[in-house]
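One letter stands for each residue in the lines below.
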Amino acid sequence: MWIPKSMDAQTPSVTRHRSVHAVDLPHPRTPSHRLKTEQESYEDGCEDYPTLSEYVQDFLNHLTEQPGSFETEIEQFSDTLNGWVTTDDALQELVELIYQQATSIQNFSYMGARLCNYLSHHLTISSQSGNFRQLLLQRCRTEYELRDQAAKGDEATRKRFHAFVLFLGELYLNLEIKGTNGQVTRADILQVGLRELLNTLFSNPMDDNLICAVKLLKLTGSVLEDAWKEKGKTDMEEVIQRIENVVLDANCSRDVKQMLLKLVELRSSNWGRVHVTSTYREATPENDPNYFMNEPTFYTSDGVPFTAADPDYQEKYQELLEREDFFPDYEENGTDLSGAGDPYLDDIDDEMDPEIEEAYEKFCLESERKRKQ
């Protein structure tokens, strides 16, 4: 169970395996006892209790290492924050800490989005700058405004941008907006943002930008298309047309073109769904076989895929976290997509697989036929 590191150092070893609920913290709603700011700790030399930054960061690291603890410990975490996060600066700091963790730690974007959704409904503070959700969306907008230059930036800049894009996708799927009548919807502003981010990625068709677009569409494509169709929009048709133009005209690698073709194929099969998805507020694991389709897909050390729908999810996910090398530059099929390329492998096989080549030829012929119409 989680215990803040700065407190653990002063806690007898017999208590180190106790739950966070059992840690003898001052009551968070007692005015004289609260998380100290960094400046206060420096001035009075008191290190008995963690600062807000230390407390939150320790919990985020704990969730990263043990994602299964979310359900059992999130309520205590939220209650503690309600007693200690009482100023605009503290709320801003909380938002920034979660944002940084979600966009810099591999595989935390999904958990970060879940955390943001929970806090948006359970944090009681509403500062002059706004509540938690409003400040979170403002932080995302700051990054969003830099999208054009980020997509054209160096490799490190693009990597950070891609992490932001995928986190925004997770937020769109997980951030619930409750209406006055109790109905639950998604944030329309994120839907608009994701559409523009796709435009930006396709307008700068470097391999890693296109890979990011594929990942985003695999994650959110079915939900975005359903939302657009409900509004009578044809945005997904436009996105698919954009992909077809990239496959035909862009100077991207063979592997990326294969990924794009596979994505078009996935969409043509209704994103792999067996039937029309239940409405957002009615869908449950019991009544909707597609409930888990937008969960992130991970792989065991043996290469076996699994998602949250897997009954052994927590055990397999923990095994993934304990592996020393996550192979961040490799896609699902093991192909190196880091951009550097391997001359030796390229020399061995510079041809498309026969099945992919046949699909590509059909695709080109069909696209040419459409253009002449």
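Structure's up top.
Residues numbered from 1 in each chain as written. Predicted model: local features only at pLDDT ≥ 70, side-chain atom pairs only at ≥ 80, totals over all residues. Heavy atoms only, no water.

Turning our attention to the packing of aromatic side chains. All chains considered together, the criterion is met by 5 aromatic pairs. Note on Tyr 55 and Phe 77: the rings are 5.9 Å apart at their centroids and 15° apart in plane angle, and the pair reads as stacked. With a gap of 22 residues between them, Tyr 55 in helix 3 (residues 52-65) and Phe 77 in helix 4 (residues 70-84) connect regions that are remote in the sequence. The class of Tyr 55 is buried, set by a relative accessible area of 1%. For Phe 77, a relative accessible area of 1% puts it in the buried group. (Phe/Tyr/Trp six-rings, centres within 6.5 Å; stacked < 30°, edge-to-face > 60°. Helix = DSSP H or I, 4+ residues; strand = E, 2+ residues; numbered from the N terminus. Buried < 20%, exposed > 50% of the residue type's maximum accessible area, 1.4 Å probe, protein only.)

Relative to each other, helix 9 (residues 155-174) and helix 10 (residues 188-203) sit at 150°, their axes nearing to 10 Å. When the axes of helix 9 and helix 10 are compared, the pair comes out roughly antiparallel. In terms of crossing hand, the pair formed by helix 9 and helix 10 is left-handed. Residues Phe 161, His 162, Phe 164, Val 165, Leu 168, Gly 169, Leu 171 and Tyr 172 of helix 9 form the contact with helix 10, whose own contacting residues are Leu 190, Gln 191, Leu 194, Leu 197, Thr 200 and Leu 201. Split by residue class, the contact of helix 9 with helix 10 holds 10 nonpolar, 4 polar and no charged. (Axes fitted to C-alpha atoms, helices over the stretch in contact; angles between N-to-C directions. Parallel < 35°, antiparallel > 145°, perpendicular 65-115°, else oblique. Left-handed = near helix turned anticlockwise from the far one by under 90°. Contact = heavy atoms within 4.5 Å. Nonpolar A, V, L, I, M, F, W, Y, C, P; charged D, E, K, R; others polar.)

The next subject is the side chain of Asn 209. In this structure, Asn 209 sits in helix 11 (residues 207-230). For Asn 209, the residues in contact, after removing those within four places along its chain, are Ala 151, Arg 158, His 162, Leu 201 and Asn 204.

With that out of the way, let us pick up the environment of Ala 227. Position of Ala 227 among the secondary structure elements: in helix 11. Sequence separation of Ala 227 and Asp 188 is 39 residues, and the distance between their C-alpha atoms is 9.2 Å. Among all residues touching Ala 227, those that are not within four sequence positions of it are Tyr 172 and Gln 191.

Glancing now at the packing of helix 7 (residues 132-144) against helix 9. The contact between helix 7 and helix 9 brings their axes to 11 Å, and the two run at 145°. Helix 7 and helix 9 meet at a crossing whose hand is left-handed. Along its contact with helix 7, which presents Leu 136, Cys 140, Glu 143 and Tyr 144, the element helix 9 presents Phe 164, Phe 167, Leu 168 and Leu 171. Taken together, the residues of the contact of helix 7 with helix 9 break down into 7 nonpolar, no polar and 1 charged.

So, on to the nonpolar core. In terms of nonpolar packing, the biggest core is built from 79 residues, with Leu 81, Phe 132 and Ile 243 touching the most fellow members. Examining the composition of this core, we find that 12 residues originate from one element, helix 11, more than from any other. The residues contacting Leu 81, other than those within four sequence positions of it, are Leu 52, Tyr 55, Val 56, Leu 94, Leu 119 and Leu 123. (Core = buried A, V, L, I, M, F, W, Y, C linked by side-chain atoms within 4.5 Å.)

Let us now look at the pattern of salt bridges. According to the stated counting rule, one finds 12 salt bridges in the structure shown. Its salt-bridge partner being Glu 71, residue Arg 114 comes within 2.5 Å of it at the nearest N-O pair. Residue Arg 114 is located in helix 6 (residues 109-122), and its partner Glu 71 is located in helix 4; the two are separated by 43 residues in the primary sequence. In this structure, Asp 208 and Arg 158 form a salt bridge, with 2.7 Å as the shortest nitrogen-oxygen distance. In this pair, Asp 208 is assigned in helix 11 and Arg 158 in helix 9, connecting sequence segments 50 residues apart. (Salt bridge = Lys/Arg side-chain N within 4 Å of Asp/Glu carboxyl O.)

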